[in-house]
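So you can see what is in the structure, the chains are spelled out below.
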Amino acid sequence: MRAALELARAAAQAGEVPVGAIIVKDGAIVGQGRNAPVAQGDPTAHAEVLALRDAAARLGNYRLDDCTLYVTLEPCTMCSGAMLHARLGRVVYGAAEPRTGAAGSVLDVFALPQINHHTQVTRGVLAGECAALMSDFFRTRRAEQRAAQPHPLKDTALRHADSTFGGFAQPQWRSDLPALAGLRLAVVDEGPHDAPLTWLCLHGSPSWGQLFQPMLPGWLQAGHRVMVPDLPGFGRSDQPKKEKAHSAAWHVQVLRELVLALDLRSIVLVGHDDGARLGLAVAQAEPARFCGAWLMNAWPAGPAPDACVQWFAQAARKPSWPVGRAMHEVGEEAGAQPQAWNLPFSQPGHRAALQAWPRVQAEMPPLPMALLAQWSQQQRLWVQGGEHDALMPAPAWRQAWLQALPQLPPAQLRLSPCGHWVPLCAAGMVADAVEYFRP
């Protein structure tokens, strides 16, 4: 059996299931074989069959009635039948095979009374070593398969093919955050990890990380780090099939775990729309990691304007809501790349996040006013709106912020000559932001 184990180890090294077999006659090895179905492209090339062929060739006789076959794993039905045809005198096996074993585990071919030859069976010789070899082999194979596909798709989620977004910045993938429960999160992470500032860019619905792409070159040129995740359900991240998977608390927890996993520090939150609300909740939970915020097209507190409420309600209610066109209607700057905004929701069933979002908005935690006041006093806060924002008209937006944060100075309450998608127009502001938020 130890000789058979050596053959089984050789099979494992060759990438075959580790089974080895030898045939002994009069105390001498007269045949041997190891599993080789993959190498030979032959489904019958089991260790026992190859050993039988080898012995028959050496002895010049297909009858092996005076021989004993030693095999590390309980034979299957095919191999057991071949042994009976060879009139094998005895078979000795190591580990039992509870799924396909035909020498007693699933069935016992050798004990069938209807068969005219009965091969003797000895079970369990060096069973522990034989079983351990099999277990180690399959453990290693599973690890290799996980390494080849480290982010398997859960059956509760949908995923776009990576080629769908081939023209955009390639993200890194994270599925190791506990809150993700195996979902794949797309994260663009560029710039040195020891940079003086990290710009954490968080989008709202229905956009995704591409919203901040015009701003990245300026930050990277300054030697800063930029972190742009796509929220679960948006962009290139996995999209849960059920809208009930989404909640404000869940999105906050995912983002918080991302910040902690990457040990981000000296963070400037760049939050757009509800991304600002989510990011501020993370900052309130981890205030020592954040040093300021640039909030864009974000509503501070109280009921949002009716136009904003109705816009998100339509997105949730209409299965064919045209995302790119709708974004263009509330901000002309989004019209330059409508396909970018349509892509995440282009396939059937990919709109659970849109359907859930009005409820998620209602669950948003209140703004951390004390933290915002502190940043404002330290000149680490910009609040920016769009002069032509159709969802949050500039006068109402300004009044809402001054009511929420009366001490906000005029220099920190800014307006851009654009609509609801300020990040798409903000490339020219990045240099000023780098200087303003400089440590």
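Note: the structure precedes this text.
Peer 1: Give a detailed account of the packing of helix α9 (residues 306-317) against helix α12 (residues 352-363), specifying residues and quantitative values.
Peer 2: At a minimum axis distance of 6 Å, the contact between α9 and α12 shows a crossing angle of 140 degrees. When the axis of α9 is compared with that of α12, the two are oblique. Remark: the crossing between α9 and α12 carries left-handed chirality. Only Leu-354, Gln-355, Trp-357, Pro-358 and Gln-361 of α12 make contact with α9, whose side of the interface consists of Phe-312, Ala-313, Ala-315 and Ala-316.

Peer 1: Residue-level account of the pattern of salt bridges, with values.
Peer 2: Taken as a whole, this structure holds 19 salt bridges when the rule is applied. A salt bridge links Arg-225 to Asp-189, with the nearest nitrogen and oxygen atoms 2.7 Å apart. A residue pair is termed long-range when its members are at least 10 positions apart, and Arg-225 in strand β10 (residues 225-229) and Asp-189 in strand β8 (residues 185-190) qualify at 36 residues. Each member of the pair, Arg-225 as well as Asp-189, is classed as buried. Between Asp-263 and Arg-265 there is a salt bridge, with the nearest N and O atoms lying 3.2 Å from each other. A network of salt bridges, in which partner residues are shared, links Arg-256, Asp-263, Arg-265, Glu-286 and Arg-289.

Peer 1: Lay out the nonpolar core in plain terms, naming residues and giving numbers.
Peer 2: Among the nonpolar cores identified, the biggest contains 97 residues, and Trp-199, Trp-219 and Trp-294 are the most heavily contacted of them. Sort the elements by how many residues they give to this core and helix α7 (residues 248-261) lands first, with 7 residues. Membership of the second largest hydrophobic core comes to 35 residues, among which are Cys-76, Met-83, Ala-102 and Leu-133.

Peer 1: Describe the layout of surface pockets, listing the residues and the values that go with them.
Peer 2: Estimates place the volume of the largest pocket at around 320 Å³. Looking at the lining of the largest pocket, the elements with two or more residues in it are α8 (274-285), α9 and α12. Counted by class, the lining of the largest pocket contains 11 nonpolar, 2 polar and 3 charged residues. If you add up the space inside the second largest pocket, you get close to 270 Å³. Val-17, His-46, Leu-73, Glu-97 and Thr-100 are the residues nearest the centre of the second largest pocket, which is lined by 15 residues in total. Each residue belonging to the lining of the second largest pocket can be placed in one class, and the counts come to 8 nonpolar, 3 polar and 4 charged.

Peer 1: Quick one: what's the story with the side chain of Glu-74, residue by residue and with numbers?
Peer 2: Along the chain, Glu-74 falls in the loop between β3 (68-73) and α4 (77-85). The side chain of Glu-74 is buried and forms no salt bridge, while Arg-123, the nearest opposite charge, is found at 5.9 Å. Here Gly-104 takes part through its backbone nitrogen, which lies 3.2 Å from a polar atom of the side chain of Glu-74. Dropping the residues within four chain positions of it, Glu-74 is found in contact with Tyr-93, Ala-95, Ala-96, Glu-97, Gly-101, Ala-102, Ala-103, Gly-104 and Ser-105.

Peer 1: Can you tell me about helix α3 (residues 47-59), naming the residues and giving the values?
Peer 2: Here α3 is 13 residues long and its end C-alpha atoms lie 18 Å apart, about the 18 Å a rise of 1.5 Å per residue gives. Here α3 has its buried residues at Ala-47, Glu-48, Val-49, Leu-50, Ala-51, Leu-52, Ala-55 and Ala-56. Considering only its buried residues, α3 is in contact with β1 (20-25), β2 (28-34), α2 (37-40), β3 and α4.

Peer 1: Tell me about the packing of α3 against α4, residues and numbers included.
Peer 2: With their axes 9 Å apart at the nearest point, α3 and α4 run at an angle of 20 degrees to one another. Taken as axis vectors, α3 and α4 run roughly parallel relative to one another. Both α3 and α4 take part in a crossing whose hand is left-handed. The residues of α4 that touch α3, namely those facing Glu-48, Val-49 and Leu-52, are Met-78, Cys-79, Ala-82 and Met-83.

Rules used throughout
Think of each chain on its own: its residues are numbered from 1, step by step along the sequence as written. Residue-level local features of this predicted model are given only where pLDDT is at least 70; pairs of side-chain atoms are given and counted only at 80 or more, and the full residue set underlies all totals for whole chains, interfaces and linings. Side-chain figures throughout are based on the complete set of non-hydrogen atoms in the structure, without hydrogens or water. Axis angles are defined between N-to-C directions and span 0 to 180 degrees, where every axis is a line fitted to C-alpha atoms and, for a helix, only to the segment in contact. Note on conventions: DSSP H or I runs of at least 4 residues are helices, E runs of at least 2 residues are strands, and numbering of each starts at the N terminus. Each angle gets one of four labels, with under 35 degrees taken as roughly parallel, over 145 as roughly antiparallel, 65 to 115 as roughly perpendicular, and the rest as oblique. Throughout, a crossing is termed right-handed when the near helix is turned clockwise from the far one, and left-handed when it is turned anticlockwise from it by less than a right angle. Contacts were defined at the residue level, with two residues in contact if any of their heavy atoms lie within 4.5 Å. For this analysis, a salt bridge means a side-chain nitrogen from Lys or Arg found within 4 Å of a carboxyl oxygen belonging to Asp or Glu. Accessibility here uses a 1.4 Å probe with only protein chains present; expressed as a share of the type maximum, an area under 20% marks a residue as buried, one over 50% as exposed, and anything in between as partly exposed. The criterion is simple. A nonpolar core is a set of buried Ala, Val, Leu, Ile, Met, Phe, Trp, Tyr and Cys residues joined through side-chain atoms within 4.5 Å. A pocket here means an open set of points on a 1 Å grid, computed over the protein atoms alone, that has protein on both sides within 12 Å along at least five of seven lines. A cavity is instead a set of points where a 1.4 Å probe fits but cannot get out; residues with an atom within 4 Å of a point line either one. Grid points are joined across faces, edges and corners, and a volume is the space filled by probe spheres set on the points. All amino acids are sorted into three groups, where Ala, Val, Leu, Ile, Met, Phe, Trp, Tyr, Cys and Pro are nonpolar, Asp, Glu, Lys and Arg are charged, and the leftover types, Gly among them, are polar. Positive charge is attributed to Lys and Arg, negative charge to Asp and Glu, and no charge count is given to His or to the chain ends. Whenever two N or O atoms come within 3.5 Å, that pair is a polar contact, provided that in protein one can donate a hydrogen and the other can accept it, and provided that, for residues adjacent in sequence, both atoms are side-chain atoms. A helix's residues, less one, multiplied by 1.5 Å, set its expected span.

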